[in-house]
Amino acid sequence: VEQYIHNIKEKAELNAFLEIFEEEALAQANAVDQKLANGTAGKLAGMVIGIKDVLAYKGHSLQASSQILDGYKSLYTASAVQRLLQEDAIIVGRQNCDEFAMGASNENSAFGNVLNADDHSRVPGGSSGGSAVAVQADLCLASIGSDTGGSVRQPASFCGVVGFKPTYSRISRYGLIAYASSFDQIGLITKSVEDAALLLEVMAGADGMDSTASQREVPAYSELLQTNKKYKIGYIRDCFESEGLETEVKDAILGVKDMLRDAGHEVEAVEFPYLDYIVPTYYILTTAEASSNLGRFDGVKYGFRSDSVTDLTSLYKKTRAEGFGKEVQRRIMLGTFVLSADYYDAYYTKAQKVRRLIKEKTDELLEAYDFLILPTAPTTAFKIGENTTNPLAMYLADIFTVQASLAGVPAISIPVGRDANGLSIGLQLMTRSFEETALLAFSNDIL
Ligand code: GLN
């Protein structure tokens, strides 16, 4: 714990942590020491973990990297975090992210950019950018992030670490600040697949506090990582033909595909005809859900309140105008628009239908193939500022990650190479819902 805290302070310029829980983490470490000595320590004894600033931890500040939650402290602990603590993990601090988890570069935080530790002029990806850099730069052993449309997988890809989003509903969302509830998922950023498996095993499972959490049994993922099966793998051809895909990323992922074939797996090209629709569908639905979810931040109940208010309406307006950043405001407006009476059917209803088609096609492919492989992101880590004036370009950074989010299936990003600038390239694998065991075992094999 001391070493990690030292690293966080020494590499403060990365801006990965918003807060270190120093005294508490050291006290937890002492308590775990005792438990280790008397043989009562839990499964995660000594694992030093950072949490993205969207996860509630009782008595600690919680801000979703937003001004609007300034001064707010959690009244309870997220179920996933509680389960980590029960197994004696040590929570070392709270990590920077895009405001309300909206972004793909960590440039939307009220607390400033996070720097990619491989190249400080580049973004770490987002929205769990602080969480990815924390693992990349050895500021903690593992991070708990959230993934609505790629927010653990894409930063993991940019930072050369493992990013894993389980099946929708596998981990309780109780205590996770809502962005788009039908997509939101707690996810993991780790150095190894073993760590991801162990953490999933602890955090997953039914929860009386979240009725959408799956009741299914939780396998002992970490004990099921051995596999010598030969799999049927589909690579999504349309992705490799997409315009914005960098050649080096393409070549690296196609190289893995060939390697898998050489290793005796059956590898075939598959068609996914909806690639052009996934980003628009994702942004219509997530902004709609966000506009509703973020309605609660009104200056009355949480955190920040504008001090220049004159009446109730101005309290709402001024608090929200001053408290929310630009990107969050943009999304609330977009979401409000697509839900408005005149446009609801044209946008929201239609996007729901397209989501259904995307899910059905994805499930159909996953009936025929054990895994689908594709790049995690079309590019390696881009320069800070490169996409900030063009939201559409930024949204396209999600083109390969949102399919799994729209379909609710599990997906992982593992580092498989580097480009000529030394920047990491991530391979993404998807599988059928609740087949995390095979996904983790196979990813472990590749890594
Ligand atoms: N970049 C995507 C977005 O901005 C994904 C974010 C996320 O997964 N939280 O919506």
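Residues numbered from 1 in each chain as written. Predicted model: local features only at pLDDT ≥ 70, side-chain atom pairs only at ≥ 80, totals over all residues.

(A) Structural view of the site of the ligand. Not every one of the 14 residues close to the ligand is listed here, only the nearest: Ala101, Ala104, Thr148, Gly149 and Ser151. Looking at side-chain class alone, the shell around the ligand contains 4 nonpolar, 8 polar and 2 charged residues. (Near = placed C-beta within 6 Å. Nonpolar A, V, L, I, M, F, W, Y, C, P; charged D, E, K, R; others polar.)

(B) Molecular detail of unusual backbone geometry. Cis geometry marks the peptide bond from Gly126 to Ser127; its omega dihedral reads 5 degrees. Along the chain, Ser127 turns up in the loop between strand E3 (90-95) and helix H4 (129-136). Look at Ala64: it is not a glycine, yet its phi comes out positive at around 50 degrees. Here Ala64 lies in the loop between strand E2 (48-52) and helix H3 (79-86). Using a count of 28 C-beta atoms within 10 Å as the deciding quantity, one classes Ala64 as buried. With a phi angle near 70 degrees, Asp88 is a residue other than glycine that sits in the positive phi range. The topology assignment puts Asp88 in the loop between H3 and E3. A residue is classified by how many C-beta atoms lie within 10 Å of it, and Asp88, with 20 of them, is buried. (Helix = DSSP H or I, 4+ residues; strand = E, 2+ residues; numbered from the N terminus. Buried ≥ 20, exposed ≤ 12 C-beta atoms within 10 Å, placed from the backbone.)

(C) Quick look at the sheet that holds E2. Judged by pairing direction, the sheet is mixed, and its 11 strands sit side by side in the order E1-E3-E2-E4-E6-E5-E10-E11-E9-E7-E8 without closing on themselves. Where the open sheet ends on each side, the last strands, each with one partner, are strand E1 (17-20) and strand E8 (266-270). Each strand axis lies, on average, 25 degrees off the axis of its neighbour in the sheet, ignoring direction. Sheet analysis places E2 next to E3, joined by 5 bridges and oriented parallel. Of the residues in E3, the one forming a bridge with Lys52 is Gln95. Helix H2 (residues 22-37) rests against E1 and E3 of the sheet, and its axis sits at about 160 degrees to E3. Contacting strand E4 (142-146), strand E5 (162-165) and strand E6 (186-190), helix H6 (residues 193-203) crosses the sheet at an angle of about 150 degrees to E6. (Pairing = 2+ DSSP bridges. Axes fitted to C-alpha atoms, helices over the stretch in contact; angles between N-to-C directions. Contact = placed C-beta atoms within 7 Å.)

Function cannot be read off these values alone, since they describe shape.
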